[in-house]
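Residue strings, one per chain:
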Amino acid sequence: MEDLINKVDEYCKEHLSKKRYDHSVRVAQLSSELCAVFGMDEKKGYLCGIAHDICKEMPKEKMIEMVRDGGYEISDYELKNPTLLHGKAGSLKLIQKFNIDDKEVLRAVESHVCGDKDMGDYGKVLYVADKSERGRPHVTEEYLQKLFALPLNEMMKLVVGDTLAHIKKMGYVVYPETELMYNSL
């Protein structure tokens with residue numbers, strides 16, 4: 001696992017901007033911490049975090065093509081907002097470039113963008129870590145202490161609720177899967 005993490009890390013370091021790479025490292029660290037809290041594999045959590053934005057800065061046309069070729073259906077909403085496809089593209093990249101076949105890792109990376117009611121525990125940990133990593137302006141140690149005191153589903157509900165409030169405040173449309181996921185919690 002350590003060798004795989006290093007390979008993915010190197011790839012991300014080479015293919016992402018410094019800002020995006022630094023974000024990915026913080027997400028990986030927090031994912032690992034959260035996995036420790038919930039008795040999950042910390043290295044697997046770290047791998048999910050370091051890999052989650054592996055395709056975030058890929059050209060949009062290439063991302064659309066990759067996701068289509070990978071067998072995913074693309075909604076009209078995703079076509080209008082192709083950056084939403086970077087989780088699906090990232091999952092495919094992990095399969096194609098790194099031969100990763102761990103379903104929990106692939107599902108976590110695939111579903112971290114907008115969430116999914118069937119995303120699994122690693123997906124939930126990754127979602128929380130992505131939205132709550134220490135570089136985010138709203139994240140304080142007090143906020144993290146509050147999160148760490150909650151069971152995973154309650155933690156997820158708090159973070160998704162905060163995310164939905166932010167999306168609505170900014171005047172963006174909420175992705176339907178995110179709303180379904182929130183309601184399923």
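Undergrad: Would you explain the overall build of the protein in this entry?
TA: Along the backbone of the protein there are 11 helices and 0 strands. Beginning at the N terminus, the succession of helices and strands in the protein can be written as α-α-α-α-α-α-α-α-α-α-α. Whereas a compact globule of 185 residues would reach a radius of gyration of roughly 16 Å, the protein reaches 15 Å, a difference of no more than 12%. Projected onto the principal axes, the alpha-carbon positions of the protein cover approximately 40 × 40 × 30 Å. The proportion of buried residues among the 185 residues of the protein is 49%. Contacts in the protein between residues at least 24 apart in sequence constitute 60% of all its contacts with a sequence separation of at least 6. Accessible surface for the protein amounts to roughly 9400 Å². Of this, 49% is attributable to carbon and sulfur atoms.

Undergrad: How should I be thinking about helix α2 (residues 18-37) in this particular structure?
TA: Three- or four-residue spacings in an α-helix give side chains the same orientation, since the helix completes a turn every 3.6 residues. Counted at 1.5 Å a residue, the expected span for α2 with its 20 residues is 28 Å, and the 29 Å between its end C-alpha atoms agrees. Buried within α2 are the following residues: Tyr-21, His-23, Ser-24, Val-25, Val-27, Ala-28, Leu-30, Ser-31, Ser-32, Leu-34 and Cys-35. Just past α2, the residue Gly-39 takes up positive phi, approximately 70°.

Undergrad: Quick question: what am I supposed to make of the packing of aromatic side chains here?
TA: Pairs of aromatic rings are described using the distance from one ring centre to the other and the angle between the two planes. Throughout the structure, instances matching the rule amount to 2 aromatic pairs. Look at Tyr-77 and Tyr-175: their rings are 5.3 Å apart centre to centre, the planes differ by 40°, and that puts the pair in the tilted class. Note that Tyr-77 is positioned in helix α5 (residues 76-80) and Tyr-175 in the loop between α10 (152-169) and α11 (176-184), a separation of 98 residues in sequence. Overall, the relative accessible area of 24% leaves Tyr-77 in the partly exposed class. Tyr-175 gets classed as buried once you look at its relative accessible area, which sits at 14%. Here the guanidinium or amino end of Lys-44 rests over the ring plane of Tyr-122, the centre of that ring lying 5.0 Å away. Over the ring of Tyr-127 we find Lys-131, and its NZ or CZ is 4.6 Å from the ring centre.

Undergrad: What's the story with the pattern of salt bridges in this structure? I'm lost.
TA: Two side chains with opposite charge may pair up if their charged atoms get near one another. In this structure the tally under the stated criterion is 17 salt bridges. The closest approach of N and O atoms between Arg-26 and Glu-133, which form a salt bridge, is 2.5 Å. Separated by 107 residues along the polypeptide, Arg-26 in helix α2 and Glu-133 in the loop between α8 (120-132) and α9 (141-148) bring together distant segments of the chain. What makes Glu-133 buried here is its relative accessible area of 2%. Lys-44 is the salt-bridge partner of Asp-102, the closest N and O atoms lying 3.0 Å from each other. Here Lys-44 lies in helix α3 (residues 42-51) and Asp-102 lies in the loop between α6 (86-98) and α7 (103-111), a separation of 58 residues in the sequence. Judged by its relative accessible area of 24%, Asp-102 falls in the partly exposed class. Through salt bridges with shared partners, one network takes in Asp-9, Glu-10 and Lys-13.

Undergrad: Quick question: what am I supposed to make of the nonpolar core here?
TA: With 56 residues, the main nonpolar core has Val-8, Ile-54, Leu-94 and Ile-100 as its most contacted residues. Those residues in contact with Val-8 that lie beyond four places of it in its chain are Leu-47, Ile-50, Ala-51, Ile-54, Leu-94, Phe-98 and Ile-100.

Undergrad: Explain the packing of α3 against α7 here, please?
TA: A pair of packed helices is captured by two measures, namely the crossing angle of their axes and the spacing between those axes. Interaxial distance between α3 and α7 falls to 9 Å at its minimum, and their mutual angle equals 35°. Handedness of the crossing formed by α3 with α7: right-handed. Where α3 approaches α7, its residues Lys-44, Leu-47, Cys-48 and Ala-51 are matched on the opposing element by Glu-104, Val-105, Ala-108 and Val-109. Taken together, the residues of the contact of α3 with α7 break down into 6 nonpolar, no polar and 2 charged.

Thresholds applied
- Residues numbered from 1 in each chain as written.
- Predicted model: local features only at pLDDT ≥ 70, side-chain atom pairs only at ≥ 80, totals over all residues.
- Heavy atoms only, no water.
- Helix = DSSP H or I, 4+ residues; strand = E, 2+ residues; numbered from the N terminus.
- Rg over C-alpha atoms; globule rule 2.2 N^0.38 Å.
- Buried < 20%, exposed > 50% of the residue type's maximum accessible area, 1.4 Å probe, protein only.
- Contact = heavy atoms within 4.5 Å.
- Areas by Shrake-Rupley, 256 points an atom, 1.4 Å probe, with all protein chains shown as cover.
- Expected span 1.5 Å × (residues − 1).
- Phe/Tyr/Trp six-rings, centres within 6.5 Å; stacked < 30°, edge-to-face > 60°.
- Lys NZ or Arg CZ within 6 Å of the ring centre and 35° of its normal.
- Salt bridge = Lys/Arg side-chain N within 4 Å of Asp/Glu carboxyl O.
- Core = buried A, V, L, I, M, F, W, Y, C linked by side-chain atoms within 4.5 Å.
- Axes fitted to C-alpha atoms, helices over the stretch in contact; angles between N-to-C directions.
- Left-handed = near helix turned anticlockwise from the far one by under 90°.
- Nonpolar A, V, L, I, M, F, W, Y, C, P; charged D, E, K, R; others polar.

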